[in-house]
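# Architecture at a glance
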Amino acid sequence: MERMASSTFNESYAPKRDELRYLAQGLHGAQPEDDFYAPDFFTSSDLAQNFLNLFQFAIDLHGDGLKESDIKQRLSDDAGFSGMVYQLALAKARVMNHYALGKRLPFMLRKNLPASAYEKEAHDFLLEVAVQNVDTLLFFRNFFDFRDAETECFQLFVAHTIKILYSMGYPDAAHHSSQVARLCVVKAAMESATRVDILQSALVGWIHDPKFDVDLSIDNLSTHPLLASAIAWHLLNYADFVNPLTRVLCFGNMSIDAFAIGVAEALSINNDSRFVSERFIFDQIALQITQQFENESSEEEKAREMRMALWDRHQQRLAAPSQGTFPQSFDRELCKAIERTRLDSGLLGILKKPWYEICRQAGLNLTTSGADELYQQIIDGDYPDKDMLQDLTQILLSRQCDAHDVIKQWPVQGLSLFSHHDEVTGSGRISALALINSDPLLLSPHKILEVRPEGEALVDRLRSYIGSLDSNINDLPKASRNSALSWQRAVFVSILKGIQELTGVERLSRFHESHRYTPAQTDVDDLRQLILDRYSWKSTTQISDPPDEKSLTQAIEIFRKHYIAMCSDYRQAVMLPDVDEAKIT
């Protein structure tokens, strides 16, 4: 239920209302009257209420000392809570099987996994959400005096988006989203934010990263900010949010519509790394601009000039925050060329009429309702005939190659991908700044260790991580430099603690002794050298040979443990008066 409003989105490069409605349609999956099949990513009100009950149970436990084992037991034994796990697992199965069929991924479709295959993963995810939620909520209440209405809004928002973050397949969603939500609130408070700004920042931090598994959509790496924007825009205009938002905003001069616009615009900024921005946004848009001129040989030089102009302006806009300058606009001609480009949002539907014909071509004598039931069986993981699944996949692939009429997509306009935090409308300016200052910092070492190519030594994986974090920090707003360096110092200390636990080589005590009074930049540079130093790794074997699976798993868990402990210590310390943030150990 969306309200009519007189206010409009910022006129620069922010997504427009029509684009967000269009993406919300894809996220909502298929309705009975639609001509396509697609899974529903949104959480129903009933399931959201069950999630809220779980949160309350976890909060009540906290009074007696929160024990993860108690929540874990409740998720297994209580019929209502275990039903939540099943619903979450079923949502994941449907997404994975739908995409295996629509993306023609026979290696996934051959498995055709049912909900039961995802129940342990869903259980662990929901447990992490519940534990993180207690930590986050208490932090907001204790340090930012969240009132009941603000708490209700945040809790409701989390409950309505659990299914989205889990079923999209991104593995670290619960922990990372909670971290970014907390840090966004801290960063917003440093900007003399109002209570409304702080709530917006919490919501933006939580839902900023709805990414698909790269097997399903690698382009979604660049377009996911617009999905996040569409998710928030839809939910904040949803009936469940009207009363709590009204109570939050009743003492200010901001309307619900302006609140929603601010959140949507803050989420639409490209807050990912320079690597993603250059490789997945610039490269694809530059290619499409070239293709606009490919049938006009006389225009080749024009296309080249436009690509160069796009690169120069893109680089200026990336560097503007760190240089303390305002992002420059695109000229009119380039703007029009970018407006004509489209990138894949990752959302995918399968059109019904071609599907009926594919079923007939495969020799299945089915009515339209029978073909509907067949699709449902496949995405539920209940279809037993694997050979027929293979045949259906091959026919679908052949038809899509020849006719291009099987798959429905929800592409996004290229211009929207250049949203910049300095151009966000006033009602979202603080939360956009909080996000651009928070997410680039929260790149975790254990995640990079896990996703790097097989055959790469641990030290080389860490070198890649350090390079990525250095790049992210270099592009942060100029005013955030000192704070970012103190964070980087703390992260590097946590990594060195992990190396010490792995190798037995102790180097931190001497570092702390010799760096009592050194500036943060010196500390960061010297810690970087210690992390990559051959002696820290004890032997040439550990520094040059790739780890086996068991050793890699052990290393990931050790670095994860020290990183999470650092995050908790850092977050608590920076909220205390008279703490030297740059020397947190």
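Residues numbered from 1 in each chain as written. Predicted model: local features only at pLDDT ≥ 70, side-chain atom pairs only at ≥ 80, totals over all residues. Heavy atoms only, no water.

This part takes up the pattern of salt bridges. Applying the stated criterion to the full structure yields 26 salt bridges. A salt bridge links D475 to R274; the shortest N-O distance between them is 2.9 Å. Taken together, the positions of D475 in the loop between α21 (458-474) and α22 (481-503) and R274 in helix α13 (residues 274-292) put the pair 201 residues apart, joining distant regions of the chain. You can call R274 buried: its relative accessible area is 19%. The residue R528 makes a salt bridge to D525 at a minimum N-O spacing of 2.9 Å. With R528 and D525 both in helix α24 (residues 520-532) and three residues apart, the pair spans about one turn of that helix. Since its relative accessible area comes to 32%, D525 is described here as partly exposed. Taken together, the shared-partner salt bridges in this structure form one network comprising R147, E150 and R195. (Salt bridge = Lys/Arg side-chain N within 4 Å of Asp/Glu carboxyl O. Helix = DSSP H or I, 4+ residues; strand = E, 2+ residues; numbered from the N terminus. Buried < 20%, exposed > 50% of the residue type's maximum accessible area, 1.4 Å probe, protein only.)

What follows concerns the nonpolar core. Counting residues in each nonpolar core, the largest one holds 197 residues, and the members touching the most others are L310 and W355. Residues in contact with W355, not counting those within four places in the same chain, are Y37, L101, I350, A371, L374, Y375, I378, L392 and L396. (Core = buried A, V, L, I, M, F, W, Y, C linked by side-chain atoms within 4.5 Å. Contact = heavy atoms within 4.5 Å.)

Now for the packing of aromatic side chains. Applying the stated criterion across every chain yields a total of 15 aromatic pairs. With 5.2 Å between their ring centres and 55 degrees between their planes, F139 and F143 make a pair best called tilted. On the criterion of helical spacing, the pair formed by F139 and F143 is a turn pair, its members being four residues apart in helix α6 (residues 119-144). Look at F143 and you get partly exposed, because its relative accessible area is 30%. Its guanidinium or amino end placed over the ring of Y166, K92 lies 4.4 Å from that ring's centre, counting from NZ or CZ. Of note, K408 hangs over the ring of W410, and the distance from its end group to the ring centre comes to 5.1 Å. (Phe/Tyr/Trp six-rings, centres within 6.5 Å; stacked < 30°, edge-to-face > 60°. Lys NZ or Arg CZ within 6 Å of the ring centre and 35° of its normal.)

Before going further, it helps to examine the environment of A479. Its location among the elements puts A479 in the loop between α21 and α22. C-alpha separation for the pair A479 and G252, spaced 227 residues apart in sequence, amounts to 28 Å.

As a further point, take the state of the cysteines. Each disulfide is one covalent bond, formed between the sulfur atoms of two cysteines. For the structure shown, the criterion picks out zero disulfides. C401 provides the cysteine sulfur closest to C359, a residue in no disulfide bond, and the two sulfurs are 18 Å apart. Unpaired in this structure, C567 has its nearest cysteine sulfur neighbour in C184, at a distance of 14 Å. (Disulfide = S-S within 2.5 Å.)

Across its 13 residues, helix α9 (residues 195-207) extends 19 Å between first and last C-alpha, which sits within 8% of the 18 Å expected from 1.5 Å per residue. A large share of α9 lies buried, amounting to twelve of its 13 residues. For α9, the complete set of buried residues consists of V196, D197, I198, L199, Q200, S201, A202, L203, V204, G205, W206 and I207. (Expected span 1.5 Å × (residues − 1).)

Okay, the confidence of the model for the protein next. When pLDDT is averaged along the protein, the result is 88, and 93% of the positions lie at 70 or above. A low-confidence stretch, residues 1-7 (pLDDT under 50), is modelled with 15 contacts involving residues beyond four sequence positions or located in other chains. (pLDDT = per-residue confidence, 0-100.)

Another aspect to go through is the packing of helix α7 (residues 148-167) against helix α11 (residues 239-249). For the pair α7 and α11, the least separation of the axes is 8 Å and the interaxial angle reads 150 degrees. By the angle between their axes, α7 is roughly antiparallel relative to α11. The two elements α7 and α11 meet at a crossing, and its hand is left-handed. Side by side, α7 and α11 meet where A149, E150, E152, C153, L156, F157 and H160 of the first sit next to D240, F241, P244, L245, R247 and V248 of the second. Looking at the contact of α7 with α11 residue by residue, the classes come out as eight nonpolar, one polar and four charged. (Axes fitted to C-alpha atoms, helices over the stretch in contact; angles between N-to-C directions. Parallel < 35°, antiparallel > 145°, perpendicular 65-115°, else oblique. Left-handed = near helix turned anticlockwise from the far one by under 90°. Nonpolar A, V, L, I, M, F, W, Y, C, P; charged D, E, K, R; others polar.)

With a phi angle near 55 degrees, R104 is a residue other than glycine that sits in the positive phi range. Mapping R104 onto the fold places it in the loop between α4 (79-102) and α5 (106-109). Positive phi, close to 55 degrees, is recorded for H404, a residue that is not glycine. Its location among the elements puts H404 in the loop between α18 (386-403) and β4 (407-409). On the accessibility criterion, H404 (59% relative accessible area) is exposed.

Glancing now at the environment of F511. With respect to the helices and strands, the residue F511 is situated in helix α23 (residues 508-514). A relative accessible area of 3% places F511 in the buried class. Residues F511 and E121, spaced 390 residues apart in sequence, show a C-alpha to C-alpha distance of 40 Å. The residues contacting F511, other than those within four sequence positions of it, are R489, D523, D526, L527 and L530.

With 13 residues, α24 should reach 18 Å at 1.5 Å per residue; the first-to-last C-alpha distance of 18 Å fits that figure. Taken residue by residue, α24 has A520, D523, V524, L527, R528, L530 and I531 as its buried positions. The buried residues of α24 occupy an angular sector of 165 degrees when the element is viewed end-on, so they sit on one face. Against α21, α22 and α23 lie the buried residues of α24. (Arc of directions from axis to C-beta.)

Take the sheet that holds β4 next. With respect to topology, three strands assemble into an open sheet ordered β1-β3-β4, the strand pairing being antiparallel. Strand pairing shows two members of the sheet lacking a second neighbour, β1 (36-37) and β4, which therefore form its edges. Here two bridges tie β1 to strand β3 (residues 348-351), and the two strands are oriented antiparallel to one another. The residue bridging Y37 from the neighbouring strand is I350, located in β3. Helix-sheet contacts for helix α16 (residues 352-361) involve β1 and β3, and the interaxial angle to β3 is about 60 degrees. (Pairing = 2+ DSSP bridges.)

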